[in-house]
Amino acid sequence: MDEGVQKLQHDLSVVEYEAELLLLTRQELVESDKARNSNREALTALRKIARTSQSSVPMLNEEGTHFINEDSNITCKTCGSHDGSEPLWILGAGGDFFVSLPFHETHMKLEDEQTQLNLTVNKLQSKVKEKTLSLSEKGALADKIGPSILKSLVTLKDNR
């Protein structure tokens, strides 16, 4: 009987530990998603300032980063005809200071950060799926969702 109680305590501590990891991963996913949405809003605001949109680009160069206008000048697809050297004040990392950066450099940094945030969010979503499936297999969610249903939900692929 004592051995059965110890096994139950061990199993419960393992499930509790994995559940804590799942909650931490979910919280990190929420934080990353908030940052991604804020970044997307900033990029939209910059496109409004420049009066361009990524869908209004007529002709891209080989790298897909600039378009060629009527004067055969290469222009950034976000800047368009807007002056890319115009200074913008942005809030620095940590939120304690402002930095003046050129318009073009600012949106390029934001686009790079957006790409990185998209990768981070996708990785975290995969981790949440894995941890949820692991907990389900241990029986932690057996009373609410059957393992076969949860496994089918977790193995769904997003083809975006």
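Please read all numbers here as calculations on a predicted model, not as lab measurements.

1. Regarding the confidence of the model for the chain
On average, residues of the chain score 77 in pLDDT, and 71% of them are at 70 or above. Mean pLDDT values for the elements of the chain range from 48 in strand 1 (residues 66-68) up to 91 in helix 2 (residues 103-137). Ignoring residues within four places in sequence, the model shows residues 55-61, a span with pLDDT below 50, making 10 contacts including any to other chains. In this model, residues 67-72 is a region of pLDDT below 50 whose contacts with residues beyond four sequence positions or in other chains number 14 contacts.

2. A closer look at the nonpolar core
If you look at the biggest cluster of nonpolar residues, it comprises eight residues: Leu43, Leu46, Ala50, Cys76, Cys79, Leu88, Phe103 and Leu110. Looking at this core, the elements that each hand over two or more residues are helix 1 (2-50) and helix 2. Among the elements that line this core, the one with the most residues is helix 1, at three residues. In contact with Leu110, other than residues within four places in its own chain, are Asn39, Ala42, Leu43 and Leu46.

3. Description of the environment of Gln114
Positionally, Gln114 belongs in helix 2. Along the sequence, Gln114 and Leu43 sit 71 residues apart, while their C-alpha atoms lie 9.1 Å from each other. Those residues in contact with Gln114 that sit more than four places away from it in its chain are Arg36, Asn39, Arg40 and Leu43.

4. Looking at the side chain of Arg36
With respect to the secondary-structure elements, Arg36 resides in helix 1. Among the residues examined, Arg36 registers a relative accessible area of 15% and is labelled buried. In contact with Arg36, other than residues within four places in its own chain, are Gln114, Leu117, Asn118 and Val121.

5. A closer look at the pattern of salt bridges
For the structure on display, the rule yields three salt bridges. Measuring nitrogen to oxygen at the nearest pair gives 3.8 Å for the salt bridge that ties Glu111 to Arg47. Within this pair, whereas Glu111 is found in helix 2, its partner Arg47 is found in helix 1, the two being separated by 64 residues in sequence. Classification of Glu111 as buried rests on a relative accessible area of 16%.

6. A word on the packing of helix 1 against helix 2
Each pair of packed helices gets described by two things: the angle between the helix axes and the distance between those axes. Contact pair helix 1 / helix 2: the axes reach a minimum separation of 8 Å and the direction vectors enclose 155 degrees. In terms of orientation, helix 1 lies roughly antiparallel with respect to helix 2. Helix 2 is crossed by helix 1, and the crossing has left-handed handedness. Per-class residue counts for the contact of helix 1 with helix 2 are 18 nonpolar, 11 polar and 11 charged.

7. Section: the pairing of strand 3 (residues 87-91)
Where strand 3 lies against strand 4 (residues 98-102), five bridges are found, and the strand directions are antiparallel. Bridging across to strand 4, Leu91 finds its partner in Phe98. Linking strand 3 back to strand 4 in an antiparallel pair, the connection comprises six residues, with Gly94 at a positive phi of about 95 degrees.

Reading guide: rules and limits
Residues numbered from 1 in each chain as written. Predicted model: local features only at pLDDT ≥ 70, side-chain atom pairs only at ≥ 80, totals over all residues. Heavy atoms only, no water. pLDDT = per-residue confidence, 0-100. Helix = DSSP H or I, 4+ residues; strand = E, 2+ residues; numbered from the N terminus. Contact = heavy atoms within 4.5 Å. Core = buried A, V, L, I, M, F, W, Y, C linked by side-chain atoms within 4.5 Å. Buried < 20%, exposed > 50% of the residue type's maximum accessible area, 1.4 Å probe, protein only. Salt bridge = Lys/Arg side-chain N within 4 Å of Asp/Glu carboxyl O. Axes fitted to C-alpha atoms, helices over the stretch in contact; angles between N-to-C directions. Parallel < 35°, antiparallel > 145°, perpendicular 65-115°, else oblique. Left-handed = near helix turned anticlockwise from the far one by under 90°. Nonpolar A, V, L, I, M, F, W, Y, C, P; charged D, E, K, R; others polar. Pairing = 2+ DSSP bridges.

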